[in-house]
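# Summary of structural features
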Amino acid sequence: MSRAQVVHTPDEIVRIRRAARLTAEVRDAIPGLTHPGMTTFDLDQLAGELIRATGGKSAFRGYHGYPGNICISVNDEVVHGIGRPDRILLETDIVSIDVGVEIDGALGDTALTFGFVEPDADIARLLKGTKQALMDGIAAARGGNYIRHISAAVEATAKHYRLGVVREYVGHGCGTRLHEPPEVPNFVGYGKGPQLIPGMVICIEPMLNLGTARVTTDPHDHWTVRTQDGRPAAHFEHMVLITEKEPEILTWPKTM
Ligand code: MF3
Ligand code: CO
Ligand code: CO
């Protein structure tokens, strides 16, 4: 893949908009159907049914061999957690769900983190800061800007909330494939990155940690990404269409 960015055609955007809306509906249905005492495997099965009811299929199942319908990452799990029959959800858990639906040659990809009870002050800061970092990143995603503007906005907000920014995983273009160019880091690196052109669709997805930014991948399942210090992490993701002016959030909201 040598292109710096993918610009979608109007016909593709019609289909991507629909896929993204359906994905957001599945995302928003899940928290109300999830309760302590159920296993993360049950949650994955439930999500699979919701995805099937859209007429589409999981965009994740089978992706590089990924075995789940959605990603379910609990507490210190940052991303790519797999539903397990031996993991019973507890009242005090925070649960990140990441949902992808493929339908009619287009895809949606969106995530959020939720809990079951009133969070303590640190968890509240983690959730609020990660959501805010996403919204600030989105506000920077204006046609003519560069990827760096988004990265800088996300990083500044993460810093303001004293949250660790995961560097190993980044946002990305999306639309007719799950991951398309460009990468959308949650931190500023070298250079401006590609320019934002109307018709691009990108996923902005801060993965922020209460403690260290450092993460490790589970040596057994080779998927689950955890914080190295065992402290909790949050993940919020929206898919946005770049326009001449403000971006259009294709996975807008309800629960965010
Ligand atoms: N949804 C993730 C993202 O936001 C990718 C998940 S890939 C999977 O980019 F294989 F783990 F499902
Ligand atoms: Co995702
Ligand atoms: Co994504």
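The coordinates are above.
A brief structural summary. (Residues numbered from 1 in each chain as written. Chains lettered and ligands numbered in written order. Predicted model: local features only at pLDDT ≥ 70, side-chain atom pairs only at ≥ 80, totals over all residues. Heavy atoms only, no water.)

Attention shifts here to the site of ligand 1. Taken together, Phe60, Tyr63, Tyr66, Cys71, His80, Asp98, Asp109, His172, His179, Glu205, Trp223 and Glu237 make up the full set of residues adjacent to ligand 1. Between ligand 1 and Asp109 there is a distance of 3.1 Å, counted from a nitrogen atom to a side-chain nitrogen or oxygen. The separation between an oxygen atom of ligand 1 and a polar side-chain atom of His179 is 2.7 Å. Coverage of ligand 1 by the protein amounts to 96% of the 340 Å² it exposes when considered alone. Mapping ligand 1 onto the cavity grids shows that it belongs to the largest pocket. (Near = heavy atom within 4 Å. Polar contact = N/O pair within 3.5 Å; in protein donor to acceptor, adjacent residues only side chain to side chain. Areas by Shrake-Rupley, 256 points an atom, 1.4 Å probe, with all protein chains shown as cover. 1 Å grid on protein atoms, 1.4 Å probe; cavity = no way out; pocket = protein on both sides within 12 Å on 5 of 7 lines; lining within 4 Å. Sits in = over half its atoms within 2 Å of the grid points.)

Reference values for angles at a metal are 109.5 degrees in the four-donor tetrahedral case and 90 or 180 degrees in the six-donor octahedral case. Those donors, Asp109 (OD), His172 (NE2), Glu205 (OE) and Glu237 (OE), are the protein atoms that reach the cobalt ion (ligand 3), and they lie 2.0 to 2.2 Å from it. Its 6 donor atoms give the cobalt ion (ligand 3) angles of 52 to 173° at the centre, a pattern that matches the irregular case. The cobalt ion (ligand 2) is placed at 3.2 Å from the cobalt ion (ligand 3), the two being bridged by Asp109. In this pair, Asp109 sits in strand β5 (residues 106-115) while Glu205 sits in the loop between β9 (201-204) and β10 (207-209), placing the two residues 96 residues apart along the sequence. For the pair Asp109 and Glu205, one class covers both residues: buried. (Donors = N, O, S within 2.8 Å, 3.2 Å for Na, K, Ca; no water. Tetrahedral: all angles 85-135°; square planar, octahedral: opposite > 155°, others 65-115°. Helix = DSSP H or I, 4+ residues; strand = E, 2+ residues; numbered from the N terminus. Buried < 20%, exposed > 50% of the residue type's maximum accessible area, 1.4 Å probe, protein only.)

Here we take up the coordination of the cobalt ion (ligand 2). Surrounding the cobalt ion (ligand 2) are the protein donor atoms Asp98 (OD), Asp98 (OD), Asp109 (OD) and Glu237 (OE), at 2.0 to 2.3 Å. Taken together, the 6 donor atoms coordinating the cobalt ion (ligand 2) span angles of 59 to 169° at the metal, a pattern that classifies the geometry as irregular. Expressed as a motif, the donor residue spacing for the cobalt ion (ligand 2) is D-x10-D-x127-E.

Our next topic: the environment of Glu168. One can find Glu168 in the loop between β6 (164-165) and β7 (171-173). The exposure class assigned to Glu168 is partly exposed, which follows from its relative accessible area of 47%. On a C-alpha basis, the gap between Glu168 and Val215 in space is 8.0 Å, while along the polypeptide they are 47 residues apart.

At their nearest, the axes of helix α1 (residues 10-33) and helix α2 (residues 40-53) sit 10 Å apart, and the two run at 140° to each other. On the basis of their axis angle, the class for α1 and α2 is oblique. Every pair of crossing elements has a handedness; the one defined by α1 and α2 is right-handed. Residue-level contacts link Val26, Ala29, Ile30 and Leu33 of α1 to Leu43, Leu46, Ala47, Leu50 and Ile51 of α2. Here the residues of the contact of α1 with α2 are counted per class, giving 9 nonpolar, no polar and no charged. (Axes fitted to C-alpha atoms, helices over the stretch in contact; angles between N-to-C directions. Parallel < 35°, antiparallel > 145°, perpendicular 65-115°, else oblique. Left-handed = near helix turned anticlockwise from the far one by under 90°. Contact = heavy atoms within 4.5 Å. Nonpolar A, V, L, I, M, F, W, Y, C, P; charged D, E, K, R; others polar.)

Another point: the side chain of Thr251. Mapped onto the elements of the fold, Thr251 is located in the segment after β15 (248-249). Of the polar contacts made by the side chain of Thr251, one reaches the side chain of His238; its length is 2.7 Å. Aside from chain neighbours lying at most four places away, what touches Thr251 is Ala20, Ala24, Arg27, Asp109, Thr110, Glu237, His238 and Met239.

The next thing to look at is the sheet that holds strand β14 (residues 238-241). Strand order in the open sheet formed by 5 strands is β8-β7-β9-β14-β15, and the pairing between neighbours is antiparallel. Each end of this open sheet is capped by a strand with a single partner; those strands are β8 (180-184) and β15. Both β9 and β14 contribute to a ladder of 4 bridges, which runs antiparallel. Counted as the bridge partner of Ile202 is Val240 from β14. Together, β9, β14 and β15 form the strand contacts of α1, whose direction differs from that of β14 by roughly 155°. Contacts from helix α3 (residues 121-139) reach β9, β14 and β15 within the one sheet, and its direction differs from that of β14 by about 10°. (Pairing = 2+ DSSP bridges.)

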